[in-house]
Amino acid sequence: VKFYENKNYKKGMKNADQILKRFPNHGETLCMKGLILNGMASAKGAVGSKDKREEEEETKKEAVELVKRGLMMDMRSHVCWHVYGLLHRSSQNYAEAIKAYKQALRIDEENLQILRDMSLLQIQMRDLIGFKETRLRILTLRPNSKVHWLSYALSVHVNGDPDAAVGILDSYFGTLEEGCVEFEKNFESSELALYKNQLLSETKGEDEDGLGGVRKALEHLDEIEKVIVDHTGWLKAKLSYQLQLGNFEDAKDTAMKLFERGLTEEHRVHGAYMCALLKCDRETCLEVEKMKGTGTLATLRPFAEEERSILLDAYGSKDGLSKLYPRSNGIKRIYITILPTNSDEFKSAIDKYCQKQITKGVPSLGADLSSLYLMEDSHSNGSRLMLATDPLDVNVHPVHALLVDLIEAYITSLSSNNSFPSGEGESPPSALLWAWYLRSILHEQVAEYAQGITLINKCIEHTPTAVDFYELKARLLEAGGDIQQAADVIDAGRDLDHQDRYINNQTTKTFLRAGREEDAKKRIALFTREQGSPEQYLYDMQCAWYELELADLLRRKGEFGKSLRKYMAVVKHYEDYHEDQFDFHSYCIRKVTMRAYCDLLRFEDDLWGLPHYGRAAEEIAKIHLHIHDNPSALESDAEPDYSKMTPAERKKAKNMARKKKNAAAKGGSKSDTKSNNTNGGSGNVKKSKPHAIDEDPSGKELLALNHLDEAKKYAA
């Protein structure tokens, strides 16, 4: 057993064989030998030739047979059942593994290792009730372990009972002596205290308004301050509670403390600060707290004149944030968002902002300004704002019209006087260039692609070495319908900077959308390892965007088998993400990162709703339905009917088929040769890890499945 746990499989196998020579029917030894065999096969991995992979599969089958045989020899041994469960767990058959563990526990009810293994599988499978029961049994057996107390508290928490979880943590603290390290200021004490505080905030309490738990959590924050290490997290929690309870003056002070700690660029804190200034209701405060990116209260709902005046005074007055933190870009940008778009102050502020950014040559200015295209959401009766993204909506938006007038004035003034209309000194020569660039982006936002291309061509003629200009031109061409020229343009831009991974990825994506598969593979291979296949490297790196774009290309070409393989690769990535959480179930509790662990569980619960997975699953279902409705769609891969052809057509078709077959074989041999040369051609080159040989590159096995069943599986 020790040899297996230390992964010293050869010595473990040797000892097992020695025991079996004397006792050939010893069940526990047979099971351990099978487990060691399985571990040896798993350690090698499914790599190499087909014969080698088949040999490893045979080894695993032999391991299963040994374990089953050992189990039959000693059905009353908890070790045999435990090993049987471990074997199922290694093959990710968790349901069967849990059954085996339960059978082992019927024989040895107090086996701590089996209980611990079963609890890990239960939380992985989200058997929350079973997880709670198992952790209670473990705590009953070993009440002197901190990990067991925390695990049981967590199990109660995830079952939706934060009050009981708080009680469990209090019971644990009651078992500790005064002066214990748990009451000192350190990371574990801090995280545990903040986790208990989070639990308190989730309780309902006894108050009529249902905010008793939040009140207790706010009071608890003052009690635990002396042990807190993450003071920023402590302040954020305090700010949230104060807003929910309506303590707006205290909330303003807390927000200012966060700004003093350097969080002037965090828009979520600004959103909370605005809520405190305007004394918003609890629902609005919680909504603002959940906003992401640059979203604040100013982008959530329209302001009344009085509210706007309060915010402008807080951000723009002599004692406002803009004076306290003059170097903060976030505060300057938020101030512009608050200003009424029809005012002279807004025009002056946006004019000053644009001039500064154009002088610096900031390529992202167009995207930055587009967040000002706010309009009332028609579905909310004017109580909420939304961002205008449709070209028709943008074209009639007053902010866009204002920007167009400003940039046109810049271009005219810079062309004639080499200065902005304000006439504040001479501008650098690049200012006109970036004014053209920004005007081209404004054309793109309203779908005026021809005018945008004309301007960006002037930028390229002026400075043909700027990569950003080529990227914008390619975007305009693609949006205008000329995807082939877009691919050529962005590739020309990529050729200016071979060290820029971003522009290389954009080039690859454009080539794939243009149907130029080989060109795309050559470009993406520039940033992969020299050893081995670039496709395999991208799969190992879980590069989902590339696989989705390539799958779309193959689907458009009618190569449904290959397309399904790429979509399935994306699905496999998400299955791996789900599987990877297994290692954190014990690690996070052992390290007392309880809050982060709860966030991980929530993320994993929502994993199958993420965009890349949804896109892949949708396309898989569509392909299977298309093939079911149109069986002739697969006939293009079959051998043509030569009997219906003339001799000349038959000869031509056979020649084409032969060339296609030779090209495929040649391509495979070239990649193998290249891999072998890079791995073994020089003694100084580090050998890469061997990869699995693809036995079904065309996806024929996937095409042989029941299409309706597969479509139903991924559409569910």
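A brief look at the structure comes next. Note that this is a predicted model, so its numbers are computed, not measured.

The number of helices and strands found in the chain is 38 helices and two strands. Per-residue burial over the chain gives 45% buried out of 716 residues. Counted over contacts in the chain with a minimum sequence separation of 6, partners at least 24 positions apart contribute 58%. Of the roughly 38,500 Å² of accessible surface on the chain, 50% is carried by carbon and sulfur atoms. Looking at charge distribution, the chain has the averaged site of its 100 positive side-chain charges lying 7 Å from that of its 111 negative ones.

Attention now moves to the pattern of salt bridges. Throughout the structure, instances matching the rule amount to 38 salt bridges. One salt bridge connects Glu549 with Arg615, and the closest N-O pair in it is separated by 3.8 Å. Remark: Arg615 occurs in helix H35 (residues 611-629) and Glu549 occurs in helix H31 (residues 544-557); sequence separation between them is 66 residues. Lys557 serves as the salt-bridge partner of Glu559, at 3.7 Å between the closest nitrogen and oxygen. Overall, the relative accessible area of 24% leaves Glu559 in the partly exposed class. Classification of Lys557 by relative accessible area gives partly exposed; the value is 43%.

Scanning the model with the defined rule gives zero disulfides in all. Lacking any disulfide linkage, Cys275 is separated from the closest cysteine sulfur, that of Cys285, by 4.2 Å. The exposure class of Cys275 is buried, given its relative accessible area of 0%. Its sulfur unpaired, Cys598 is 9.5 Å from the next cysteine sulfur, which belongs to Cys588.

Turning to helix H16 (residues 282-289), a few remarks are in order. Every buried residue of H16 is accounted for by Thr284, Cys285 and Val288. For H16, the arc enclosing every buried residue in end-on projection is 100°, short of the 170-degree limit, so these residues lie on one face. Where H16 is buried, its residues touch helix H13 (231-245) and helix H15 (267-278). For H16, the side-chain oxygen to backbone nitrogen distance between the N-cap and Glu283 is 3.2 Å, and the N-cap itself is Asp281.

Even without glycine at this site, Arg126 takes up a positive phi of about 60°. As for its placement among the helices and strands, Arg126 is situated in the loop between helix H7 (112-124) and helix H8 (128-141). Overall, Arg126 belongs to the partly exposed group, its relative accessible area being 24%.

Conventions we followed
Think of each chain on its own: its residues are numbered from 1, step by step along the sequence as written. Under the rules for a predicted model, residues below a pLDDT of 70 receive no local features and side-chain atom pairs below 80 are neither given nor counted, while totals for whole chains, interfaces and linings still include all residues. To obtain the side-chain values, all non-hydrogen atoms of the structure were included, while hydrogens and water were left out. To qualify as a helix, a DSSP run of H or I must reach at least 4 residues; to qualify as a strand, a run of E must reach at least 2; elements of each kind are numbered from the N terminus. The buried label goes to any residue with under 20% of its type's maximum accessible area, the exposed label to any with over 50%, and the partly exposed label to all in between, with areas taken from a 1.4 Å probe on protein chains only. Residue contacts are counted whenever heavy atoms from the two residues lie within 4.5 Å of one another. Every accessible area reported is derived by Shrake-Rupley at a probe size of 1.4 Å, with residue values counting cover from the shown protein chains alone. In this tally Asp and Glu are treated as negative and Lys and Arg as positive; neither His nor the chain ends contributes. Charged groups are reduced to one reference atom each: NZ for lysine, CZ for arginine, CG for aspartic acid, CD for glutamic acid. Salt bridges are defined as contacts in which a side-chain nitrogen from Lys or Arg sits within 4 Å of a carboxyl oxygen from Asp or Glu. Only a pair of cysteine sulfur atoms within 2.5 Å qualifies as a disulfide here. This arc corresponds to the set of directions leading from the helix axis out to the C-beta atoms. Distance and chemistry together define a polar contact, namely a pair of N or O atoms within 3.5 Å, with one atom able to donate a hydrogen and the other to accept it when in protein, and with adjacent residues in sequence counting only for side-chain atoms on both sides.

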